[in-house]
Amino acid sequence: MNCPCDEDYYEQYLRRLLPADEMHCMMEHADACPACAQRLAAGAKLRESLEALPREIHPERDLWPEIAGKLSRRSAWRQPHGGVNYLRAAAIVLVLVAGGLALYWLQPAAQWSGTGPAAWQAAEMEFAAARTAFLQALDENPELDNATRAVLRENLTVIDGAVAEIIAALEVEPENPDLMRLLLAARHKELDFLKSIVDLPDAG
Amino acid sequence: MLPNRPKSEPPAPPEAASVDRGDPAVRAEDDLWVKQAQRGDARAFERLYRRHLGRTYALCLRMMADRHQAEEAVQEVFIRTWEKLHTFRGESSFGTWLHRLTVNHTLMILRKRQRGQRLFAGVEDAALEDQAPPPRHPHHKLDLEWAIAQLPTGARTVFLLHEIEGYQHDEIAALLDIAPGTCKAQLHRARRLLREWLSQ
């Protein structure tokens with residue numbers, strides 16, 4: 001009597017993958033061959049143990065705090081309190097302020113035609129209307145969570161503070177074209193900032 | 001005499017390499033969390049982590065055969081997942097993609113652990129021929145998990161990838177940079193050793 005020499009053949013028998021006639025032959029052979037019978041019994045025990053192995057094992061301790069800690073040092077990691085959006089908003093504020101100053105120095109005086117309190121107050125009213133519209137759109141953006149909105153409003157407050165200082169200076173020197181230009185540049189940048197937030201598809 | 005039968009490889013075990021749970025709701029949820037995580041949402045990534053941790057840790061623990069190294073491997077895998085998440089296109093399920101990443105990463109760790117040696121050194125091959133059961137702590141139950149952990153690294157890797165993770169020989173051979181014949185030989189020897197040890 002010849003025993004199968006192919007290891008895979010035993011496996012196929014154990015998994016019942018052989019054709020019916022070969023399954024029968026193997027069964028009869030195992031009945032007569034102690035070596036094959038022992039081998040098949042051991043193989044069946046191994047297979048049974050394999051099928052009983054759990055597919056999932058959980059570590060004894062929670063690994064998430066360490067993973068989150070390492071990931072939080074990466075720039076794109078956004079914590080639930082809106083950490084990354086805070087960074088982005090702060091960066092935009094910096095650009096806004098820097099951009100306002102840059103425009104002040106780069107734009108020729110002739111681009112601004114009005115002078116006096118009436119001119120800059122009229123401009124302020126125009127900007128206020130546009131700002132209100134954008135803030136309404138910001139509040140109605142479903143993509144933004146409350147935490148992010150709070151951070152963005154906080155940054156707008158910072159911008160408002162800078163603009164308020166310019167206006168305070170204008171009240172002392174209402175005819176100062178440089179201050180007017182600075183105010184205009186700051187307001188333009190503020191509106192660009194608001195527009196960029198409103199337009200972002202995934203600002204949340 | 002048993003009839004001749006063309007040599008062929010048994011099909012992969014039912015729990016194949018894909019870790020798709022087959023539940024559309026689970027996959028849909030994973031897809032949503034992946035999109036959120038790709039936008040930087042930490043909470044969404046944590047949900048993915050918690051859902052797939054068990055499977056990932058099981059693979060790492062069995063491959064590393066060491067709890068501490070498995071914990072480190074899991075952390076590295078999920079950090080790497082975060083870093084590569086932008087490359088995930090949804091062609092497979094997230095679970096399948098994560099699983100492949102885990103296999104590749106653990107193999108890389110094992111290669112580093114071998115300090116440049118191949119996972120299948122000639123001496124290991126010969127050592128498998130007549131290997132007595134390793135001594136065990138009296139309190140260790142002689143169960144399969146323990147027995148697998150005692151296998152030499154290369155044989156254990158082949159056994160796990162084929163018998164538990166469902167890879168075919170040619171896939172394993174490509175991953176380990178060995179011939180398919182070597183892969184089969186390692187699997188057969190691992191099975192023989194495990195049969196012997198479990199029969200003690």
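Residues numbered from 1 in each chain as written. Chains lettered and ligands numbered in written order. Predicted model: local features only at pLDDT ≥ 70, side-chain atom pairs only at ≥ 80, totals over all residues. Heavy atoms only, no water.

On a plain count of helices and strands, chain A comes out with 8 helices and 0 strands. Within chain A, the proportion of its 204 residues that are buried is 42%. Contacts in chain A between residues at least 24 apart in sequence constitute 68% of all its contacts with a sequence separation of at least 6. Accessible surface, chain A: about 11200 Å² in total, of which carbon and sulfur atoms supply 59%. (Helix = DSSP H or I, 4+ residues; strand = E, 2+ residues; numbered from the N terminus. Buried < 20%, exposed > 50% of the residue type's maximum accessible area, 1.4 Å probe, protein only. Contact = heavy atoms within 4.5 Å. Areas by Shrake-Rupley, 256 points an atom, 1.4 Å probe, with all protein chains shown as cover.)

When you go through chain B residue by residue, the secondary structure sums to 9 helices and 0 strands. In sequence order, chain B lays out its α and β elements as α-α-α-α-α-α-α-α-α. Across the 200 residues in chain B, those meeting the buried criterion constitute 50%. A separation threshold of at least 6 residues defines the contact pool for chain B, and within that pool the share at least 24 residues apart is 69%. When the accessible area of chain B is evaluated, it comes to approximately 9400 Å², of which 50% is carbon and sulfur surface.

On to the packing of helix α4 (residues 64–72) of chain A against helix α2 (residues 42–64) of chain B. Orientation of α4 of chain A relative to α2 of chain B, taken along the N-to-C sense of each, is 140°, at an axis distance of 12 Å. The interaxial crossing formed by α4 of chain A with α2 of chain B has right-handed handedness. Listed contacts from α2 of chain B to Trp64, Ile67 and Leu71 of chain A of α4 of chain A are Ala42, Phe45, Glu46, Tyr49 and Arg50 of chain B. Partitioning the contact of α4 of chain A with α2 of chain B into residue classes produces 6 nonpolar, no polar and 2 charged. (Axes fitted to C-alpha atoms, helices over the stretch in contact; angles between N-to-C directions. Left-handed = near helix turned anticlockwise from the far one by under 90°. Nonpolar A, V, L, I, M, F, W, Y, C, P; charged D, E, K, R; others polar.)

Residue and element names in this part refer to chain B. With 12 residues, helix α7 (residues 153–164) extends 16 Å from end C-alpha to end C-alpha; this agrees with the ideal 16 Å at 1.5 Å per step. For α7, the tally of buried residues reaches 12 of 12 residues, placing the bulk of the element in the interior. A positive backbone phi angle near 80° is found at Gly166, which sits one or two residues after α7. (Expected span 1.5 Å × (residues − 1).)

Our focus in this paragraph is unusual backbone geometry. One non-glycine residue, Arg16 of chain A, lies in positive phi territory at about 60°. Of note in this structure, Ala65 of chain B is not a glycine but carries a positive phi near 55°. Taking the relative accessible area as the measure of exposure, Ala65 of chain B reaches 34% and is therefore partly exposed.

Our focus in this paragraph is the packing of aromatic side chains. Enumeration over the complete set of coordinates arrives at 8 aromatic pairs over all chains. An angle of 45° between the planes, with centres 6.2 Å apart, marks the rings of Trp64 of chain A and Phe45 of chain B as tilted. Separated into two different chains, Trp64 of chain A in helix α4 and Phe45 of chain B in helix α2 make up a pair that spans both. Comparing Trp64 of chain A with Phe45 of chain B shows no difference in burial state: the two are buried. Seen from their ring centres, Tyr49 of chain B and Phe78 of chain B are 4.9 Å apart, and the 75° between their planes marks the pair as edge-to-face. You can see Tyr49 of chain B sitting in helix α2 and its partner Phe78 of chain B sitting in helix α3 (residues 67–84), a full 29 residues away along the chain. For the pair Tyr49 of chain B and Phe78 of chain B, one class covers both residues: buried. Members of the aromatic cluster, connected to one another through ring pairs, are Trp64 of chain A together with Phe45, Tyr49, Phe78 and Trp82 of chain B. The ring of Tyr10 of chain A has Arg39 of chain A lying over it, and the distance from NZ or CZ to the ring centre is 3.9 Å. (Phe/Tyr/Trp six-rings, centres within 6.5 Å; stacked < 30°, edge-to-face > 60°. Lys NZ or Arg CZ within 6 Å of the ring centre and 35° of its normal.)

So, on to the nonpolar core. Counting 63 residues, the largest nonpolar core has Phe45 and Leu194 of chain B as its most contacted members. Counting residues per element, this core draws most heavily on α2 of chain B, at 11 residues. Membership of the second largest hydrophobic core comes to 19 residues, among which are Leu152, Ile166, Leu183 and Ala186 of chain A. (Core = buried A, V, L, I, M, F, W, Y, C linked by side-chain atoms within 4.5 Å.)

As for its position among the elements, Leu194 of chain B is in helix α9 (residues 180–198). Owing to a relative accessible area of 0%, Leu194 of chain B belongs among the buried residues under this scheme. Expressed as a C-alpha distance, the spacing of Leu194 of chain B and Leu151 of chain B, which sit 43 residues apart in the sequence, is 8.4 Å. The contacts of Leu194 of chain B, once residues within four sequence positions are left out, are Leu46 of chain A together with Leu144, Ala147, Ile148, Leu151 and Phe159 of chain B.

The next subject is the pattern of salt bridges. The tally for this structure, following the rule as stated, stands at 22 salt bridges over all chains. Here Arg191 of chain B and Glu7 of chain A are joined by a salt bridge, their closest N and O atoms 3.4 Å apart. You can see Arg191 of chain B sitting in helix α9 and its partner Glu7 of chain A sitting in helix α1 (residues 7–14), one on each of two chains. The salt bridge involving Arg191 of chain B is made with Glu11 of chain A; its shortest N-O contact spans 3.8 Å. With Arg191 of chain B in helix α9 and Glu11 of chain A in helix α1, this pair bridges two chains. This pair shows no difference in class: Arg191 of chain B is buried, exactly as Glu11 of chain A is. (Salt bridge = Lys/Arg side-chain N within 4 Å of Asp/Glu carboxyl O.)

What follows concerns the confidence of the model for chain B. Residue and element names in this part refer to chain B. Mean pLDDT over chain B works out to 82, with 75% of the residues at or above the 70 mark. Scored below 50 in pLDDT, residues 1–7 makes 16 contacts in the model with residues more than four places away or belonging to other chains. The model gives residues 122–130 a pLDDT under 50, and that stretch makes 16 contacts with residues more than four places away or in other chains. (pLDDT = per-residue confidence, 0-100.)

At a minimum axis separation of 11 Å, α1 of chain A and α9 of chain B run at an interaxial angle of 60°. Here α1 of chain A lies oblique to α9 of chain B, going by the angle between them. Crossing hand, α1 of chain A versus α9 of chain B: left-handed. Contacts between α1 of chain A and α9 of chain B pair Glu7, Asp8 and Glu11 of chain A from the former with Lys184, His188, Arg191 and Arg195 of chain B from the latter. Across the contact of α1 of chain A with α9 of chain B, the residue classes tally to no nonpolar, 1 polar and 6 charged. (Parallel < 35°, antiparallel > 145°, perpendicular 65-115°, else oblique.)

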